[in-house]
Amino acid sequence: VAIACYRPPSSVLEGKVQGSWWPVQDAVPFALPEEEWQQGSETIELFGTFAWLKPPRGGPPSPNRREPGSGRAQVAEFEFDFSIHDLVGRQVLENLRAWYRPNAGSTRGEQLAQALATFAKEALSAFASGRLMPDDKNKLLPEAKRLLIEMTKQGFIQILRGDLNIIFDAFVYDPSSRYWTPQQLHWWAGSMVQLIKFVLENSSPSEQESWKDNARRQLADEDSEYYTRVDVRAWPQLRNLVDGTDTQLHGGALCRRIRVQLCAHGSGPFEKLADLEQAAKLLKELQLYRDFNPEGSTDHEIYQTFGDRSLNLEKRSELMEQVLMDAPRCLVRQVLRKMDEDLDETERYEDREHRMLQKLLYNLDEDIRICKKAYLKLMRTWVRNVVEHEELTPDQICEHIEGDGQEEDNYELLLKDAVNYLHKENRTFEAAKMLARPKGQTSRVRESLRNDQQIYYLANLYKAVQETEDHFGPVAEGTMALPSPSQETYRVRRLPGKGVSRAQDDEGYHELQRLLEPTPRAIGLWWLWRCFDGYHDKHARAALVVITVEDRFFLVDILELERKTMLNTSAPLDKPYLELIKQICEARHLLKVVHYLEGTALRALQLALISEQQRHGDEKPSNYSSLSPCIDMALVAAYLSGTSAGKCKELPGLVWKYLRQDLCVTEALSNFEHRPLRESQEHYAFLGA
């Protein structure tokens, strides 16, 4: 229709213009009557607005071209030929080419920023509506890059002229953008950043540094308008545009915009979740954790914002994990403790909030002991299981719940759970045995059962029974025993020594150091720990580490080292001892003889060799000790027996099989974190090594 209705200029009809200046010149039917030319005048006017029908530069002027003084802003067009043919894509590029209007009443920098923003939004609109052909969609950004490169090379865009002074205005926040997908948001900010980078890279080094210095000065100002206008989701890419991660952004100003743009609670749950996911991603990328949740603050901003209970529990758990995964550990522990405080203690078994906290502790690799309520629930479950399945004796159960540390405040509750279950199941003798212990006699649990004459009578009988005298040897008669240290057959060293405040003053420390002398030898290595749940209690660490070599025994008390270090943090005592044990574990000339070394056991040893300063620091420890070379006696026995190591993991069975000696296991499940240690516990530890 356009071809049929087109009437060529009179200059062409009269033959005054030589050559074809119009792409469709040869196809125009000149023999049409005059009235038919008039009928297509409106169509000609419409198609004349499209760039692909405009004559090239140098041809006759277009009737739609704006002339100076016409009352409308004149467009300073840049000579450039695009290879893209799609109408929509070409129009987007044409708008970017004609970005500068001399009489528009705004600066060049404002116009360039506006042109980039318009380009990105129009391109997104074309992508979303499907109006852009797939091949041309991939060509759109490269064509825009070529255009800006040529503009920069030919001086049409100049940094020193101020064309990039306010380029950040291209990233101004638009409320409608909150409905963009992450892919759309990434393309919107990323495309403009790439275009600006190409302008900078094709400028002189002095121009680049001038622009970066100006940008740094603006970003260092907390009151800069950019912090209030720019879409906060674009800042990770803008920071890389200026100078990578070295650029100092004002965290407080950014966090205020994150709260305003992404953390407002006026939208629905799905929109709120999407916004909070974006906020969590920003906190991670820009490392704004401490700015968002200042140290010492009682508002718990991260927990209050990302732990919104109006969200789905599973989604909230994923969101909390996302925002805390790379946060400083001090802040992580603070948030987890706050979550623990909000747990409902009346929900003993089916508590979804409690399960969510346990899952976070597991995935974030944090110690459950930092959460008192969660740890108490773990202990109560453990007490119920061992009592129900008769896994421990009443004395052993009481020894664990009476032990030092956090669980001491929970003794009454744990004792009540155990005694009530035993009383309900008519296991009266076991309940009376627990109440007959010195601490049980003064407990409120015994007072509550004062009317039960049978328990009261049995508890008094057990109270009169004298305990077996503690000695360095096995509890069970006729079992394997080590010679007493008083016979001086074996030299026993307990580290740290009594009254020692420095490792240099400890004789046992210097004697243990001699193992690092380059003399090949085999040493026995054994460590003991307690773990209430192999899945949730991932941070159980060894309380004792025992090393045997020839006729010398070394018992390193890890908990005693920690206690003395906590009393004198200015001169930590644990560091030299732990470093020495790590060196022994990694020494190539020492063959470490162990028994059934599996993942849980190795982790317990590695955690024990981490100093208190590292354990409570912000960074996760990375220098875990290795154990090499070593020989596992369970594997040796399995090889000789033609079976698996799992069937040879019981040490008493191996001792009987190869030495024909019984091994006393009475102390095997005792509390090795209780202080002071019994001599029978030390004997069991030395015998295992």
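In this text the structure is predicted, and so the values were computed from the model without any measurement.

Draft legend 1. Structural context of the nonpolar core. Leu164, Phe168, Phe171, Trp188, Trp235, Phe306 and Leu336 are the most contacted members of the largest nonpolar core, which has 125 residues in total. Residue contributions to this core peak at 11 residues, all from helix α6 (residues 108–129). Every residue in contact with leucine 164, bar those within four places of it in the chain, is listed here: Leu112, Ile157, Ile159, Ile196, Val199, Leu200 and Trp211. Counting 33 residues, the second-largest nonpolar core is a separate cluster that includes Ala503, Tyr509, Leu512 and Val594.

Draft legend 2. A look at the confidence of the model for the protein. Summarising the model, the protein shows a mean pLDDT of 83, and 86% of its residues fall at 70 or more. The low-confidence segment residues 1–32 (pLDDT under 50) makes 39 contacts with residues lying over four places distant or belonging to another chain. Taken as a whole, residues 49–72 scores under 50 in pLDDT and shows 24 contacts with residues more than four places along the chain or in a different chain.

Draft legend 3. Quick peek at the pattern of salt bridges. Taken as a whole, this structure holds 45 salt bridges when the rule is applied. The shortest N-O distance in the salt bridge between lysine 272 and aspartate 308 comes to 3.4 Å. Here the residue lysine 272 occupies a position in helix α13 (residues 269–286), and aspartate 308 occupies one in the loop between α15 (301–306) and α16 (313–324), the gap between them amounting to 36 residues. Exposure remark for lysine 272: the relative accessible area of 9% places this residue in the buried category. By relative accessible area, which is 16% here, aspartate 308 ends up buried. The partner of arginine 329 in a salt bridge is glutamate 366, and the shortest N-O contact between them spans 3.2 Å. Here glutamate 366 lies in the loop between α18 (352–363) and α19 (372–388) and arginine 329 lies in helix α17 (residues 329–341), a separation of 37 residues in the sequence. Per residue, the accessibility class of arginine 329 equals that of glutamate 366, and both read buried.

Cut-offs used in this document
Residues numbered from 1 in each chain as written. Predicted model: local features only at pLDDT ≥ 70, side-chain atom pairs only at ≥ 80, totals over all residues. Heavy atoms only, no water. Core = buried A, V, L, I, M, F, W, Y, C linked by side-chain atoms within 4.5 Å. Buried < 20%, exposed > 50% of the residue type's maximum accessible area, 1.4 Å probe, protein only. Helix = DSSP H or I, 4+ residues; strand = E, 2+ residues; numbered from the N terminus. Contact = heavy atoms within 4.5 Å. pLDDT = per-residue confidence, 0-100. Salt bridge = Lys/Arg side-chain N within 4 Å of Asp/Glu carboxyl O.

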